Amino acid sequence: MKKGFDSNLYAQLQTEKILQRIEKFNNKLYLEFGGKLFDDMHAARVLPGFAYNAKINILRALKDKTEIIFVVSAGDIERNKIRADFGITYDMDVLRLIDKIRKLGISINSVTVTQYEGQPAADVFVRKLERRGEKVYIHRKTKGYPTDVNTIVSDEGYGANPYIETTKPLVVITAPGPGSGKLATCLSQLYHEYKRGVKAGYAKFETFPVWNLPLKHPVNVAYEAATADLGDVNMIDPYHLEAYGITTVNYNRDIECFPIVRSILTKITGDENLYRSPTDMGVNMAGFAITDDEAVRYAANQEIIRRYYKAACDYKQGLCDASVPQRIMLLMNESKLSLEDRKVVKPALEKAAQSGESAVAIQLEDGRFITGRTTSLMTACSACVLNSVKALAGISDDMLLLLPLVLEPIKSLKKDVFRADKDKLNLYDVLTALSICAATNTLAQAALNMLPRLRGLEAHGSCMLNDTDMGVMRKMGVNITCEPEFASKDLYIK
């Protein structure tokens, strides 16, 4: 994609903004950190040029001042809530993130399990952490919330939560997903700090919606599409407009809960004018790093269409109700977008119609469309990726890269040892075989070297891919979508 965002400028502006907010609150700031610390692929897709690890790199630059508290809802643990982009549960994602962050030299303070009501799965998670030497805190639901501010800001409310001991000026409160209890943890800590005579502050870091872009800018519409299952709606911040006469954008949950948050902050700090709007609370500077609005608009519009396809597939699989894809289709209609605007769809469907098999298409950097179909040997996704790396390496389509000597043992392993119902080679199998062949075949090595060039490319399947193929495509950074159709009549597909 054509770049439209300056990630270096963003890092500079964002770091300066956070440091200013720390200074404003006497060198103690609790920063509610929304979105993803690592692998923020949504931001990278809608803001081409955004470094997908930009946010963790900002914290890495501030690591001497920073410690991180992870929060995760006990209810989410009990429900085995899944982080869709990685296919792992929220509790496992916390463990993954702790490992990655520690390797960067950033301090991990603790993990807080919020909204605890005796959930057995949460108890197992707590024991697992404690027996590995991690600090864990338990927060129950806040008494009096959301209407009784006097009870909330008292020893019966926030005071009933254990105080989390912190030592750094910047305390980042983050979570594997929305609704985890980040805000409540921040405000609980603020209550305890003020009781101890520390006049700490609170701020919020959410990349989307971008407050200084128009309400219906495609970047902000793409955020609505991404959170259609949560019912998030972008709105003009009425509090900011009234206070300053300036139009800014926020989303409904922040605007709806602002009167409560403002009352709580006033009760804790005694300052009625600490924040006059939800926008005031934020520190996001992403809008100032856009360098090519046209490129960003195009990228964001493509993301809206991708989100529709994902929601349609989720509905087909029973993972959401019909209102989610319907809501995104309404956003597409408002933005004058159609499914035909996703150029890689047509080649995939044409290949499927021509071959009578499921098919996948990838659009290369130079605009060429490469397709692959399901065969007796491999899945459509496997064939398409193999054909794509051959095309990028300038290898003839009829050139054999994968030797039967390598493929047959893999098929036998799946069928005879693992007793798999289907022995077709998935994308993981094919890439493993390609890497083995590369040891003795220079053409296979040349094709293997092309895999990084698939990152950021667009792909589409004529039917829903199996979990393994989808997972590998995501890890390679390919923007894959699928038609909301099943590949077969089989009920169990893995």
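Computed from a prediction, not measured in an experiment: that's the story for all the values here.

Q: Describe the overall build of the chain, listing the residues and the values that go with them.
A: A count of helical and extended segments in the chain gives 20 helices and 14 strands. Relative to the compact-globule value of 23 Å for 494 residues, the chain shows a C-alpha radius of gyration of 25 Å, a close match. Taken as a whole, the chain presents about 22600 Å² of accessible surface, with 51% of it coming from carbon and sulfur. The positive charge centre, built from 64 side chains, and the negative charge centre, built from 60, are 3 Å apart in the chain.

Q: I'd like a rundown of the packing of aromatic side chains, residues and numbers included.
A: Counted by the stated rule, this structure contains 9 aromatic pairs. Between Phe5 and Tyr10, the aromatic rings sit 5.5 Å apart at their centres with planes inclined by 55°, giving tilted as the arrangement. When the ring of Phe5 is compared with that of Phe50, the centres are 5.5 Å apart and the planes differ by 45°; the resulting orientation is tilted. Placement of Phe5 in the segment before α1 (7-24) and of Phe50 in the loop between α2 (41-46) and α3 (54-61) is noted, with a sequence separation of 45 residues between them. For the residue pair Phe5 and Phe50, the accessibility class agrees, reading buried in each case. Within the aromatic cluster, the residues linked to one another by ring pairs are Phe5, Tyr10 and Phe50. Positioned above the aromatic ring of Phe38, the side-chain terminus of Lys100 is 4.4 Å from the ring centre. Above the plane of the ring of Tyr163 lies Arg196, whose end atom (NZ or CZ) is 3.8 Å from the centre.

Q: Pulling in residues and values, what's your account of the sheet that holds strand β1 (residues 29-33)?
A: Taken together, 6 strands build an open sheet; the order of strands is β6-β5-β2-β7-β1-β8 and the sheet is parallel. Two strands in the sheet have a free side with no partner beyond their single neighbour: β6 (136-138) and β8 (201-205). Taking each pair of neighbouring strands and ignoring which way they run, the sheet shows an average axis angle of 25°. Contacts between helix α6 (residues 120-130) and the sheet are confined to β2 (66-73), β5 (107-114) and β6, with β5 contributing the most and set at about 160° to the helix.

Q: Residue-level account of empty space enclosed by the protein, with values.
A: To find the voids left in a structure, one rolls a probe of water-molecule size over its atoms. On inspection of all chains with the given rule, the structure shows 2 cavities of 30 Å³ or more. In this structure, the largest cavity spans a volume of roughly 40 Å³. Every residue lining the largest cavity is listed: Gly35, Lys36, Leu37, Arg83, Asp93, Leu97, Thr174, Ala175 and Pro176. Considered as a void within the structure, the second largest cavity measures approximately 30 Å³ in volume. Along its surface, the second largest cavity is lined by Arg262, Leu265, Thr266, Asp271, Glu272, Asn273, Leu274 and Tyr275. Of the residues assigned to the lining of the second largest cavity, the class counts are 3 nonpolar, 2 polar and 3 charged.

Q: Can you tell me about the sheet that holds strand β11 (residues 359-363), naming the residues and giving the values?
A: What holds strands together in a sheet is hydrogen bonding between their backbones, with the strands either parallel or antiparallel. Pairing within the open sheet is mixed, and its 4 strands lie in the order β12-β11-β13-β14. Both outer strands of the open sheet, β12 (369-373) and β14 (479-482), are each paired with one neighbouring strand and no more. Taken pair by pair, the neighbouring strands of this sheet meet at an average axis angle of 20°, ignoring direction. With 4 bridges joining them, strand β13 (residues 458-461) and β14 adopt parallel strand pairing. Residue Ala459 lies in a different strand from β14, and its bridge partner there is Ile480. Packed onto the sheet, helix α15 (residues 345-355) meets β11, β12 and β13 and runs at close to 150° relative to β11.

Q: Residue-level account of a nonpolar patch on the surface, with values.
A: Together, Leu400, Leu403 and Leu405 make up a nonpolar patch on the protein surface, roughly 320 Å² of accessible area in all. Following the sequence through the fold, Leu400 ends up in the loop between α16 (380-392) and α17 (404-417). Taking the relative accessible area as the measure of exposure, Leu400 reaches 53% and is therefore exposed.

Q: Any chance you could break down the pairing of β5 for me, citing the residues and the numbers?
A: Moving residue by residue along a regular strand, the side chains alternate between the two faces of the sheet. Taking burial as the measure, the 8 residues of β5 include 7 buried ones, the bulk of the element. Inspection of the sheet shows β2 paired to β5 by 7 bridges, in the parallel sense. Within the sheet, the bridge partner assigned to Val72 lies in β5 and is Val113. Judged from the 3 bridges that link them, β5 and β6 form a sheet pairing that is parallel. Directly across from Val111, in β6, lies its bridge partner Val136. Between the parallel pair β5 and β6, the chain is carried across by α6, and the sense of this crossover is right-handed.

Q: Tell me about the packing of helix α13 (residues 293-316) against helix α14 (residues 323-334), and please be specific about residues and values.
A: Two elements in contact, α13 and α14, have axes separated by 8 Å at closest approach and are oriented at 160°. What the angle tells us is that α13 and α14 run roughly antiparallel. For α13 against α14, the interelement crossing comes out left-handed. From α13, Ile304, Ile305, Arg307, Tyr308, Ala311, Ala312 and Tyr315 reach across to α14, where they touch Val324, Pro325, Ile328, Met329 and Met332. The class makeup of the residues in the contact of α13 with α14 is 11 nonpolar, no polar and 1 charged.

The rules behind each value
- Starting from 1, residues in each chain are numbered consecutively following that chain's sequence as written.
- Local features in this predicted model are restricted to residues of pLDDT 70 or higher, and side-chain atom pairs are both shown and tallied only at a pLDDT of 80 or more, whereas totals for entire chains, interfaces and linings draw on every residue.
- To get the side-chain values, take all heavy atoms of the structure and skip hydrogens and water.
- Strands here are runs of E lasting at least two residues and helices are runs of H or I lasting at least four, both read from the DSSP assignment and numbered beginning at the N terminus.
- Computation of the radius of gyration draws on C-alpha atoms alone. For the globule rule, the value is 2.2 Å times the number of residues to the power 0.38.
- Areas reported here follow the Shrake-Rupley algorithm with a probe of radius 1.4 Å; residue values treat only the protein chains shown as occluding.
- Counted as positive: Lys and Arg. Counted as negative: Asp and Glu. His and the chain ends are not counted at all.
- Charged groups are reduced to one reference atom each: NZ for lysine, CZ for arginine, CG for aspartic acid, CD for glutamic acid.
- Classification of ring pairs rests on two measures: the distance between centres of Phe, Tyr or Trp rings, Trp counted by its six-membered ring, which must be within 6.5 Å, and the angle between planes, read as stacked under 30 degrees, edge-to-face over 60 and tilted in between.
- To sort residues, take the accessible area from a 1.4 Å probe on protein chains only and compare it with the maximum for the residue type: under 20% means buried, over 50% means exposed, and anything in between is partly exposed.
- For a lysine, the NZ atom is tested; for an arginine, the CZ atom; a charge sits over a ring if that atom is within 6 Å of the ring centre and within 35 degrees of the ring normal.
- Following DSSP output, two strands are said to pair if at least two bridges run between them.
- In this analysis, axes come from line fits to C-alpha atoms, helices being fitted only over the stretch in contact, and the angle between any two N-to-C directions falls in the range 0 to 180 degrees.
- By definition in these notes, contact holds between two residues if any of their heavy atoms fall within 4.5 Å.
- Note on definitions: the grid is 1 Å and covers protein atoms alone; a cavity is a set of points where a 1.4 Å probe fits but cannot get out; a pocket is an open set with protein on both sides within 12 Å along at least five of seven lines; lining residues have an atom within 4 Å of a point.
- Grid points are joined across faces, edges and corners, and a volume is the space filled by probe spheres set on the points.
- Each residue gets one of three labels, nonpolar for Ala, Val, Leu, Ile, Met, Phe, Trp, Tyr, Cys and Pro, charged for Asp, Glu, Lys and Arg, and polar for the others, Gly among them.
- Patch members must show over 30% relative accessible area and no salt bridge, and they are joined within 9 Å when carrying like charges or within 5 Å when they are nonpolar side chains of Val, Leu, Ile, Met, Phe, Trp or Tyr.
- By definition, a salt bridge exists where a carboxyl oxygen of Asp or Glu is found within 4 Å of a side-chain nitrogen of Lys or Arg.
- Whether a crossover is right-handed depends on one test, that the path from the first strand over the helix to the second runs clockwise when the strands point away from the viewer.
- Small angles under 35 degrees read as roughly parallel and large ones over 145 as roughly antiparallel, with 65 to 115 read as roughly perpendicular and the rest as oblique.
- Should the near helix be turned counterclockwise from the far one by less than a right angle, the crossing is left-handed, whereas a clockwise turn marks it as right-handed.

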